Amino acid sequence: MQPITSYTQLLALYEKEKVRTNLRLRKENLAPDFIRLPEGCRADSAEIHVMVCADTGCAASNSLGIADQLDAAVAKYGLTDKVKIIRTGCFGLCSQGPVVVVHPERIMYTKITPDHVEEIVTSHLRDGHYVEHLLLGAREGNAITNYDDAVFFKKQVRIATRNCGVINPASLEEYISQKGYLALGKCITSMTPQDVIETVKRSGLRGRGGAGFPTGNKWAFTAVEKEPQKYICCNADEGDPGAFMDRSVLEGDPHSILEAMAIAGYAIGANQGFIYIRAEYPSAIRRLVFSIEKAREAGLLGQHIMGSDFSFEIELRLGAGAFVCGEETALIASVEGNRGEPRNKPPYPANKGIYGKPTVINNVETLANICPIINNGPDWFRTIGTEKCAGTKVFALAGKVNNVGLIEVPMGTTLREIIYEIGGGIVGNKALKAVQTGGPSGGCIPAQHLDTPIDYESLQKIGTMMGSGGMIVLDETTCMVNLAKFYLGFSVEESCGKCTPCRFGNKYLLEILQRITQGEGTMADLDQLESLGNIIKEASLCGLGQSSPNPVLSTLHYFRDEYIAHIQEKSCPAGVCTALLQYEVQPELCIGCTLCAKNCPANCIKGAVRQPHIIDQSKCLKCGICASKCPRKAIIQK
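All values reported here derive from a predicted model rather than from experimental measurement.

## Considering the overall build of the chain
Helix and strand counts for the chain stand at 27 helices and 17 strands. Taking 638 residues into account, the globule formula puts the C-alpha radius of gyration at 26 Å, and the chain, at 27 Å, falls close to it. Each principal axis of the C-alpha distribution contributes one length, and for the chain these read about 90 × 65 × 40 Å. Taken over 638 residues, the chain has a buried fraction of 57%. Within the chain, residue pairs in contact and separated by at least 24 positions form 70% of the contacts whose partners lie at least 6 positions apart. Working note: accessible area of the chain is about 25300 Å², and carbon and sulfur atoms make up 50% of it.

Right under this line is the structure:
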């Protein structure tokens with residue numbers, strides 16, 4: 001692409017390029033900057049766009065190989081003039097991957113394998129008949145011919161993930177076709193830095209990294225600093241177990257983050273940005289490096305952007321995957337090349353951040369909202385969400401739910417809507433026990449709070465937090481004591497060890513939980529868990545330590561009866577804690593077939609042929625093989 005030397009030139013390029021992606025846009029999207037699909041294009045379309053998800057999730061299931069095969073098959077049947085195969089970002093429905101979408105019909109094929117490629121190309125792309133047995137929902141007996149009709153997509157509003165699944169993230173031209181870099185051009189040609197800050201303030205955008213601090217205020221605090229050198233830093237150190245929101249945005253729409261960082265730099269007076277990303281995200285890193293290079297070549301980053309006086313550079317800083325580096329002062333230390341440890345605040349990064357200079361740190365999802373706000377205005381953004389929490393929130397929906405994947409919903413959407421409508425309910429129609437939000441720093445929301453609207457204040461009221469967006473659904477087979485032990489074990493492993501409450505306190509909490517799950521706990525342990533947990537919250541140095549006891553305290557609050565059962569009855573109600581399990585033979589059902597004894601690895605089952613058998617509990621390994629082998633279901637777990 002030739003260098004773009006003015007905003008006028010960029011606008012002209014947008015007018016030329018916008019037809020590239022018209023075919024892939026949904027009609028009912030209400031955002032004014034999203035181009036609407038022209039009426040009648042389905043019948044008149046001379047082109048077919050086949051979108052193949054190339055996000056890490058689908059790529060792990062060979063979606064890139066499937067895309068290569070589609071390319072070859074399209075060439076084989078002489079369809080290259082009509083059909084384009086496009087590698088794109090995440091559609092969100094990860095449990096159905098690899099996903100392939102065909103436009104303009106908006107047909108989604110799911111769980112595609114190389115064996116399906118020939119049929120899709122010949123039946124659909126060549127002959128015009130969709131392949132019914134591969135349609136979304138076909139395997140469950142509910143084939144959907146337009147994926148917008150699926151409940152999973154109907155309830156969502158995509159702002160931060162607007163371009164994922166729509167554009168080729170490796171193409172700057174396709175990003176520009178979706179108004180890419182127009183927001184930056186608008187800022188540097190017709191808005192003052194203060195105008196930009198006021199626009200972000202009036203939008204009500206709050207940081208999506210967990211704390212929910214107003215983004216416009218954070219920018220304003222840094223803008224007033226008199227230091228000539230300031231920095232913008234994108235926090236892409238996504239460390240929560242099960243979370244992949246930031247990775248998906250960076251892989252599917254990298255230019256939107258680069259553009260937003262440049263806008264933030266213009267607003268606060270910074271000419272340098274850093275993206276702090278963990279080295280565990282190689283695909284996202286490759287796309288960022290490639291995109292930065294292309295944007296620089298096009299005059300959209302670097303010196304004199306679009307011929308203006310504004311210059312902005314972006315560099316990557318790779319982290320080693322330490323959870324604590326998601327905390328902003330630890331992140332700053334790591335960006336500077338030091339060990340990732342937090343420090344006391346104040347001074348805050350807005351006053352003294354990277355290399356001691358004023359710094360704005362925003363996470364990926366926060367930045368992904370900036371360009372639509374500039375393009376559409378703050379009033380539009382405030383029409384979505386709630387009064388105190390405008391806009392949407394992206395969640396990585398995981399656990400015991402049917403539709404595992406990436407979702408984006410308006411703030412104020414209830415957990416019930418997310419789990420039973422978008423998520424498709426609980427796997428196997430089991431009972432919902434709780435929802436865990438906020439990762440290792442969050443808490444568990446019991447089923448009685450299913451109608452709680454998702455926003456910062458509502459979640460805090462019931463003892464949990466928004467976090468960066470991990471949402472784990474738990475069913476009746478989950479042991480809440482064991483779950484608390486898992487998350488606390490994660491925090492102990494990831495603690496930097498700098499402050500005593502976190503370093504020793506959490507380790508002692510974990511020892512108590514291990515005793516309880518081994519059947520060696522006492523009722524006094526429960527008081528100690530609460531007391532010590534609250535001390536750690538109050539006395540730890542950073543946000544990681546202060547929030548680390550949350551899983552323990554919230555499960556104690558809502559599921560205390562499970563703790564008591566482990567201690568007093570020496571039993572695990574969910575049947576998870578191995579040390580508390582016991583397998584017993586029901587003599588009236590046992591036919592003495594000896595299958596259990598033959599398969600027992602501990603040789604602890606005795607009995608004569610055609611006589612009831614007996615398990616020696618002192619030798620039993622609790623592996624459950626005997627129960628799985630018994631043809632009469634005569635062995636039960638207690």
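After that view of the structure, there is still more to cover.
## Some words on the pattern of salt bridges
A complete count under the given rule lists 33 salt bridges for this structure. The closest approach of N and O atoms between lysine 393 and glutamate 365, which form a salt bridge, is 2.7 Å. With lysine 393 in strand E9 (residues 392–399) and glutamate 365 in helix H15 (residues 364–368), the pair connects residues that are 28 residues apart, well separated along the chain. Between arginine 416 and aspartate 451 there is a salt bridge; the shortest N-O distance is 2.7 Å. Within this pair, whereas arginine 416 is found in helix H18 (residues 415–422), its partner aspartate 451 is found in the loop between strand E12 (443–446) and helix H19 (456–461), the two being separated by 35 residues in sequence.

## So, the sheet that holds strand E3 (residues 100–103)
Ordered in space as E2-E1-E3-E4, the four strands form an open sheet in which the pairing is mixed. Every interior strand has two partners, whereas the edge strands, strand E2 (83–88) and strand E4 (107–109), have only one. Averaged over all adjacent pairs, the angle separating strand axes in this sheet is 20°, with direction ignored. Bridge count between strand E1 (residues 48–53) and E3: four bridges; the pairing is antiparallel. Counted as the bridge partner of valine 52 is valine 100 from E3. Docked against the sheet, helix H4 (residues 63–76) engages E1 and E2, running at close to 170° with respect to E2. Packed onto the sheet, helix H5 (residues 117–126) meets E1, E2, E3 and E4 and runs at close to 175° relative to E4.

## Observations regarding the nonpolar core
Counting 76 residues, the largest nonpolar core has Tyr181, Trp219 and Ile263 as the members making the most contacts within it. It is helix H12 (residues 254–268) that contributes the most residues to this core, ten residues altogether. Discounting residues that sit within four places of it in the chain, isoleucine 263 has contacts with Ala183, Leu184, Cys187, Val196, Trp219, Ile370, Cys371 and Ile374. Membership of the second largest hydrophobic core comes to 48 residues, among which are Leu93, Val99, Ile445 and Phe559.

## Here's the deal with H5
Looking at H5, one finds that the buried residues are Val117, Ile120, Val121, Thr122, His124 and Leu125. Tucked inside the fold, the buried residues of H5 contact E1, H4, E2, E3 and E4.

## Examining the sheet that holds E12
Spatially, five strands are ordered E10-E9-E13-E11-E12 in an open sheet, and the strand pairing comes out mixed. Because the sheet does not close on itself, it has two edges, and the strands there are strand E10 (405–410) and E12. For this sheet, the mean angle separating the axes of adjacent strands, direction not counted, is 30°. Note: strand E11 (residues 432–437) against strand E13 (residues 470–475), five bridges, orientation antiparallel.

## So, the state of the cysteines
Among covalent bonds in proteins, the disulfide is the one between the sulfur atoms of two cysteines. Under the defined criterion, the tally for this structure stands at zero disulfides. Considering cysteine sulfurs only, cysteine 502 is the nearest to cysteine 499, which forms no disulfide, with 5.1 Å between them. For cysteine 502, a relative accessible area of 7% gives the class buried.

## Re unusual backbone geometry
Excluding glycine, most residues fall at negative phi; most peptide bonds, likewise, are trans. Look at the link from histidine 103 to proline 104: it is a cis peptide, with omega at 15°. Assignment of secondary structure puts proline 104 in the loop between E3 and E4. Residue proline 346 is bonded to the preceding lysine 345 through a cis peptide linkage, with omega at 0°. Looking at the secondary structure, you find proline 346 in the loop between helix H14 (328–335) and strand E8 (359–363).

## Structural notes on the pairing of strand E7 (residues 313–319)
Where strand E6 (residues 272–278) and E7 come together, seven bridges link them in parallel fashion. Paired with tyrosine 276 across the bridge in E7 is arginine 317. Once the chain exits E6 it traverses helix H13 (residues 282–297) before rejoining the sheet at E7, and the crossover so formed is right-handed.

## Topic: the packing of helix H21 (residues 500–517) against helix H25 (residues 560–569)
The geometry of a pair of packed helices is captured by two quantities: the angle between their axes and the separation between those axes. Axis separation between H21 and H25 bottoms out at 8 Å; the angle between their running directions is 60°. In terms of axis orientation, H21 runs oblique to H25. For the pair H21 and H25, the contacting residues are Leu513, Ile516 and Thr517 in the first and Tyr563, His566 and Ile567 in the second. Here the contact of H21 with H25 is composed, by residue class, of four nonpolar, two polar and no charged.

## Some words on the packing of H21 against helix H22 (residues 523–539)
One can describe the packing of H21 onto H22 by two numbers: an axis separation of 10 Å at closest approach and a directional angle of 160°. As the angle between them shows, H21 and H22 are arranged roughly antiparallel. Two packed elements cross with a definite hand, and for H21 against H22 that hand is left-handed. Across the interface between the two elements, Pro501, Gly505, Asn506, Tyr508, Leu509, Ile512, Leu513, Arg515 and Ile516 of H21 pack against Asp525, Leu526, Gln528, Leu529, Leu532, Gly533, Ile536 and Ala539 of H22. The residue inventory of the contact of H21 with H22, partitioned by class, reads eleven nonpolar, four polar and two charged.

## Some remarks on the confidence of the model for the chain
With 97% of its residues at a pLDDT of at least 70, the chain reaches an overall mean of 93. Across residues 27–44, where pLDDT falls below 50, the model places 28 contacts with residues more than four positions away in sequence or in other chains.

## Considerations on the pairing of E10
Within E10, six of the six residues are buried, leaving the element largely enclosed by the surrounding structure. As defined by bridge partners, E9 adjoins E10 across six bridges and the pair is classed as antiparallel. Bridged to valine 394 within E10 is glutamate 408. Two successive antiparallel strands, E9 and E10, enclose a turn made up of five residues.

Scoring rules and cut-offs
- Sequence order sets the numbering: in each chain, residues are counted from 1 along the sequence as written.
- In keeping with the model being predicted, local features are shown solely for residues with a pLDDT of at least 70 and side-chain atom pairs are shown and tallied solely at 80 or more, while totals for entire chains, interfaces and linings include all residues.
- Here the side-chain values reflect all heavy atoms present in the structure, with hydrogen atoms and water set aside.
- Helix numbers and strand numbers start at the N terminus; a helix is a DSSP run of H or I with at least 4 residues, a strand a run of E with at least 2.
- For the radius of gyration, the atom set is restricted to C-alpha positions; the globular benchmark scales as 2.2 Å times the number of residues to the power 0.38.
- Three exposure classes are used, based on accessible area relative to the maximum for each residue type with a 1.4 Å probe and protein chains only: buried under 20%, partly exposed in between, and exposed over 50%.
- Two residues qualify as a contact provided that any one of their heavy atoms is within 4.5 Å of a heavy atom in the partner residue.
- All accessible-area figures derive from a Shrake-Rupley calculation using a 1.4 Å probe, and residue coverage is judged against the displayed protein chains alone.
- Salt-bridge detection follows one rule: a side-chain nitrogen of Lys or Arg within 4 Å of a carboxyl oxygen of Asp or Glu.
- Note: two strands are recorded as paired if DSSP finds a minimum of 2 bridges between them.
- Only the contacting stretch of a helix is used when fitting its axis, a line to C-alpha atoms as for every element, and angles between N-to-C directions run 0 to 180 degrees.
- Among buried residues, the Ala, Val, Leu, Ile, Met, Phe, Trp, Tyr and Cys ones that are joined through side-chain atoms within 4.5 Å form a nonpolar core.
- Any cysteine sulfur atom paired with another within 2.5 Å is treated as part of a disulfide.
- For a crossover, the right-handed case is the one in which the path from the first strand over the helix to the second runs clockwise, viewed with the strands pointing away from the viewer.
- Small angles under 35 degrees read as roughly parallel and large ones over 145 as roughly antiparallel, with 65 to 115 read as roughly perpendicular and the rest as oblique.
- Side-chain classes follow a simple rule in which Ala, Val, Leu, Ile, Met, Phe, Trp, Tyr, Cys and Pro form the nonpolar group, Asp, Glu, Lys and Arg form the charged group, and the remainder, Gly included, forms the polar group.
- Two helices crossing with the near one rotated counterclockwise from the far one by less than a right angle form a left-handed crossing, whereas a clockwise rotation gives a right-handed crossing.
- Residue-level confidence of the predictor is summarised by pLDDT, bounded by 0 at the bottom and 100 at the top.

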